[in-house]
Amino acid sequence: MPPVGYHSDLVSLLYRSRATMEFDHALLENLVSGARERNHERDVTGALYFEGGRFMQWLEGPAPTVSRLFGKIGEDRRHTDVEVLSFGHTTRRVFADWNLRLFHGFNELPRAGFASSNPSVPGLADDPGLLRSMALALARGRVGELAIAFEQAGSDLRLQALLCERLMHQYGELWAQDECTELDTVLGLALAQSQFRLHRARFPAHPLAKAGETVLVMPVPGERHTLGASLAQASFEEGGYGVPTGLAESCEEMREQLRDCFCNHALLVSSGVFPRTHRVDSIRACADLLRGLLPNGASIGLYGQLAAVEPSMSSACGCDYGAHSAVGLADRIKSDSGARHWA
């Protein structure tokens, strides 16, 4: 049975464009006021963002209505370079109470479950329905909902990482329930990774508090989901460690990378979606190879769903510690440096 409020023809569209004229506050308010009245009559909701001569607008409503409205928007000579960022069916409105509202900061947007009033926990973690909707939207090429969530998380890496990790877990559940394929998962997480990288690029690099301390982050050979590796890189950088750019996709590439740059530690990243316990032997072989390439006293960690299966799994993979979240990875190196089990 469809969820309450579901409309099979309800769509969401996100686009951006560039203004062809100067817009002051009065002109913007006039533009929004007229559009708001028309949208109310057409059962269209949404929001408009304007900064530095650039527009970004969300539209939600019946599919035929939104399509016609966007056609007229495209003909408006007050802007140009109209680019659709996201378009597709949705099960619920994000801007249900807004026929159209002008906003100047993403913290003004309705929370809609993307971030709770508690700054330490994203509301998405408490609402599987919203998380499921976002995961399916990403698998179909729609990034608008995730973009809003990242904007509301701001520079807080903890919130960003938790959001991405919840998404990865959600894809595992959707796949198990036959609601998406592994290809859907790969495509959805690729879009999530690109949005995460774009969002992180907006914030200044963290000063290297541990000059000379570097960590090699490497996806488990054959792993197709690299969002976790991006989260791990950002977490180590936030903790003051240097992280070589690029991700080695094989032991050969890893060996080449270590020839070009010195690393004090390493982290192997398994899938954030599936445990993939059948890869334990290959991960251990990779960890053993790293032991011979890294300096004495180096730590090797395991991050991902495989590390979350049970505490002993990281030891079985030949690693010193396991982590099921990217949050606090830099602290794991420090806390485990004095008590490693060289399995």
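If you're wondering where the values come from, they're calculated on a predicted model, not measured in any experiment.

Draft legend 1. Spatial organisation of the pattern of salt bridges. Within the structure shown, the criterion is met by 11 salt bridges. Taking the shortest distance from any N to any O, the salt bridge between glutamate 182 and arginine 276 comes out at 3.1 Å. Taken as a pair, glutamate 182 in helix H6 (residues 182-200) and arginine 276 in the loop between strand S7 (265-269) and helix H9 (280-293) lie far apart in primary sequence, 94 residues in all. For glutamate 182, a relative accessible area of 23% puts it in the partly exposed group. Residue glutamate 256 is joined to arginine 259 by a salt bridge in which the shortest nitrogen-to-oxygen separation is 2.4 Å. With glutamate 256 and arginine 259 both in helix H8 (residues 251-260), this residue pair falls 3 residues apart, about one helical turn. The exposure class assigned to glutamate 256 is partly exposed, which follows from its relative accessible area of 43%.

Draft legend 2. Region of the structure containing the sheet that holds strand S2 (residues 45-51). Taking strand neighbours across the sheet as the criterion, the 5 strands line up as S4-S1-S3-S2-S5 in an open arrangement whose pairing is mixed. Looking at the sheet topology across the chains shown, the edges are occupied by strand S4 (79-89) and strand S5 (101-103). Strand-to-strand, the axes of this sheet are offset by a mean angle of 20°, without reference to chain direction. Pairing of strand S1 (residues 10-19) with strand S3 (residues 54-62), which is carried by 9 bridges, proceeds in the antiparallel orientation. Within the sheet, the bridge partner assigned to arginine 16 lies in S3 and is methionine 56. Across the sheet, helix H2 (residues 63-75) is in contact with S1, S3 and S4; its angle to S3 comes to roughly 155°.

Draft legend 3. Focus on the packing of aromatic side chains. As enumerated under the stated definition, the model contains 9 aromatic pairs in all. Measuring from centroid to centroid gives 5.4 Å for phenylalanine 23 and phenylalanine 55, while their planes differ by 85°, and the two rings are edge-to-face. With phenylalanine 23 in the loop between S1 and helix H1 (25-42) and phenylalanine 55 in strand S3, this residue pair connects regions lying 32 residues apart in the sequence.

Draft legend 4. Structural context of the environment of leucine 130. With respect to the helices, strands and loops of the structure, leucine 130 is situated in helix H3 (residues 128-139). The buried category is assigned to leucine 130, whose relative accessible area is 10%. The spacing of leucine 130 and threonine 91 is 39 residues in sequence and 9.5 Å in space, taken between C-alpha atoms.

Draft legend 5. Structural detail: the sheet that holds strand S9 (residues 321-323). Strand order in the open sheet made by the 4 strands is S6-S7-S8-S9, with parallel pairing throughout. The open sheet terminates on both sides in strands that have one partner only, identified here as strand S6 (215-219) and S9. Adjacent strand axes in the sheet meet at a mean angle of 25° when their direction is disregarded.

Draft legend 6. Structural view of unusual backbone geometry. Positive phi outside glycine occurs at aspartate 81, with the angle close to 55°. Looking at where aspartate 81 falls in the secondary structure, it is placed in strand S4. With a phi close to 65°, aspartate 178 is a non-glycine residue in the positive phi region. Looking at the element boundaries, aspartate 178 is found in the loop between helix H5 (157-176) and H6.

Draft legend 7. Focus on the nonpolar core. The biggest cluster of nonpolar side chains holds 43 residues, and the ones touching the most others in it are Tyr171, Leu231 and Phe236. Ranked by the residues each element gives to this core, the list is headed by H5, at 8 residues. When near neighbours in sequence (up to four residues on either side) are disregarded, phenylalanine 236 contacts Val215, Val217, Tyr241, Val243, Leu267, Tyr321, Leu329, Ala330 and Ile333. With 23 residues, the next largest nonpolar core counts Leu216, Met218, Leu294 and Cys319 among its residues.

Draft legend 8. Quick look at the environment of arginine 93. The topology assignment puts arginine 93 in the loop between S4 and S5. Residue classification places arginine 93 among the partly exposed positions, given a relative accessible area of 23%. Residue contacts for arginine 93: discarding those within four places in its chain leaves Leu10, Asp43, Val44, Thr45, Glu60, Gly61 and Pro62. Of note is the side chain of arginine 93, whose polar atom sits 3.0 Å from the side chain of threonine 45.

Draft legend 9. The arrangement of the packing of H3 against helix H4 (residues 144-153) in detail. Close contact between H3 and H4 brings their axes to 8 Å; oriented N to C, the two are set at 125°. It follows from the interaxial angle that H3 and H4 lie oblique. Contacts between H3 and H4 pair Ser133, Met134, Ala137 and Leu138 from the former with Glu145, Leu146 and Ala149 from the latter. Here the residues of the contact of H3 with H4 sort into 5 nonpolar, 1 polar and 1 charged.

Draft legend 10. Broad picture of the side chain of glutamine 160. Its location among the elements puts glutamine 160 in helix H5. On the basis of relative accessibility, which here comes to 0%, the residue glutamine 160 falls in the buried class.

Draft legend 11. Layout of the packing of H5 against H6. Where H5 meets H6, the closest approach of the two axes is 10 Å, and the angle between their N-to-C directions is 175°. Accordingly, the angle class assigned to the pair H5 and H6 is roughly antiparallel. Of H6, the residues touching H5 (which contributes Leu157, Gln160, Cys164, Leu167, Met168, Tyr171 and Trp175) are Glu182, Asp184, Thr185, Gly188, Leu189, Ala192, Phe196, His199 and Arg200. Each residue belonging to the contact of H5 with H6 can be placed in one class, and the counts come to 9 nonpolar, 4 polar and 3 charged.

Calculation notes
- Counting from 1, residues in each chain are numbered in the order their sequence is written.
- Totals for whole chains, interfaces and linings use every residue, but because this is a predicted model, local features are given only for residues with pLDDT of at least 70 and side-chain atom pairs only at 80 or more, for both listing and counting.
- Only hydrogens and water are removed before side-chain values are computed, so all heavy atoms of the structure are retained for them.
- Salt-bridge detection follows one rule: a side-chain nitrogen of Lys or Arg within 4 Å of a carboxyl oxygen of Asp or Glu.
- Put simply, DSSP H or I for four residues or longer makes a helix, DSSP E for two residues or longer makes a strand, and each gets a number counted from the N terminus.
- A simple rule labels every residue: compare its accessible area, found with a 1.4 Å probe on the protein chains alone, to the largest value its type can have, and call it buried under 20%, exposed over 50%, or partly exposed in between.
- Here a strand pair is declared whenever DSSP counts at least two bridges between the two strands.
- Here an axis means a line fitted to C-alpha atoms, over the contact stretch when the element is a helix, while the angle between two N-to-C directions is reported on a 0 to 180 degree scale.
- Working rule for contacts: check all heavy atoms of both residues, and any pair within 4.5 Å makes them a contact.
- Side-chain rings of Phe, Tyr and Trp, where Trp is taken by its six-membered ring, are said to pair if the distance between their centres is within 6.5 Å; with planes under 30 degrees apart they count as stacked, over 60 as edge-to-face, and otherwise as tilted.
- Remark: nonpolar core denotes a set of buried residues (Ala, Val, Leu, Ile, Met, Phe, Trp, Tyr, Cys) joined through side-chain atoms within 4.5 Å.
- For this analysis, a polar contact is any N or O atom pair within 3.5 Å, provided that within protein one partner can donate a hydrogen and the other can accept it, and provided that sequence-adjacent residues contribute only side-chain to side-chain pairs.
- Angles are sorted into four bins: roughly parallel if under 35 degrees, roughly antiparallel if over 145, roughly perpendicular if 65 to 115, and oblique for all others.
- When residue character is reported, Ala, Val, Leu, Ile, Met, Phe, Trp, Tyr, Cys and Pro are called nonpolar, Asp, Glu, Lys and Arg charged, and the others, Gly included, polar.

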